[in-house]
Amino acid sequence: MSLRRRPNPLQWIWYALGGRLPEWYREWVLHDTTSRFWVWRHAARSTVLVGPLMAVWLLLPGPLLLRLALVLMAALVGYFYSFVYMEEAAENRLKKHGYPAGTGKKIRGQAHAEEDRLALERYIAQYRTPQE
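Residues numbered from 1 in each chain as written. Predicted model: local features only at pLDDT ≥ 70, side-chain atom pairs only at ≥ 80, totals over all residues. Heavy atoms only, no water.

S.K.: Explanation requested: the environment of Ala-125 in the structure shown.
M.R.: One can find Ala-125 in helix α7 (residues 113–127). For the pair formed by Ala-125 and Pro-52, sequence separation is 73 residues and the distance between their alpha carbons is 50 Å. (Helix = DSSP H or I, 4+ residues; strand = E, 2+ residues; numbered from the N terminus.)

S.K.: Could you clarify how one ought to interpret the nonpolar core in this entry?
M.R.: Nonpolar side chains in soluble globular proteins generally cluster together in the buried interior. Grouped together as the largest cluster of nonpolar side chains are eight residues: Tyr-15, Leu-21, Tyr-25, Trp-28, Val-29, Leu-30, Leu-94 and Tyr-99. Sequence-distant contacts of Val-29, that is, excluding residues within four places in its chain, are made with Tyr-15, Leu-21, Arg-93, Leu-94 and His-97. Ranked by size, the runner-up nonpolar core spans five residues in total, among them Val-50, Met-54, Val-71 and Ala-74. (Core = buried A, V, L, I, M, F, W, Y, C linked by side-chain atoms within 4.5 Å. Buried < 20%, exposed > 50% of the residue type's maximum accessible area, 1.4 Å probe, protein only. Contact = heavy atoms within 4.5 Å.)

S.K.: Teacher, can you tell me more about the packing of helix α2 (residues 26–34) against helix α6 (residues 103–111) here?
M.R.: When two helices pack together, their arrangement is given by the angle between the helix axes and the distance between those axes. The geometry of α2 relative to α6 is characterised by a closest axis approach of 9 Å and an angle of 60° between their N-to-C directions. Considering the angle they form, α2 stands oblique to α6. Considering only the axes of α2 and α6, their crossing is right-handed. Residue-level inspection shows Leu-30, Thr-33 and Thr-34 of α2 in contact with α6, the latter providing Thr-103, Gly-104, Ile-107 and Arg-108. Residues belonging to the contact of α2 with α6 are distributed by class as follows: two nonpolar, four polar and one charged. (Axes fitted to C-alpha atoms, helices over the stretch in contact; angles between N-to-C directions. Parallel < 35°, antiparallel > 145°, perpendicular 65-115°, else oblique. Left-handed = near helix turned anticlockwise from the far one by under 90°. Nonpolar A, V, L, I, M, F, W, Y, C, P; charged D, E, K, R; others polar.)

Geometric descriptors of this kind do not, in isolation, establish any biological role.
Right, here's the structure in full:
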């Protein structure tokens with residue numbers, strides 16, 4: 001794997017908030033949205049969006065149980081929608097950095113093609129009986 005230039009923490013926060021990085025981070029963005037840990041990376045970016053809101057709600061005056069319930073609800077709703085639209089968000093990041101639509105899905109699919117083929121073979125062997 002070639003060396004990738006990584007954004008500094010402030011640039012990464014800007015990127016997590018939806019900003020576009022300079023051109024020389026283009027390869028890093030591709031890696032960020034297609035690596036083996038891309039889902040965890042997406043979760044980290046989502047935390048940058050949801051985390052401060054949860055912290056503010058936790059610091060509001062009122063009963064602790066109510067504040068914890070509010071924080072839990074914010075986390076559930078925020079992460080739910082974040083993960084529902086995870087692939088679309090990754091594709092939008094790639095398009096924003098100059099990649100054609102569908103690049104991320106294609107690369108992630110190629111990485112798992114052999115696993116998918118083996119799973120299909122196991123499925124056919126177990127659940128499909130030859131016609132006699």
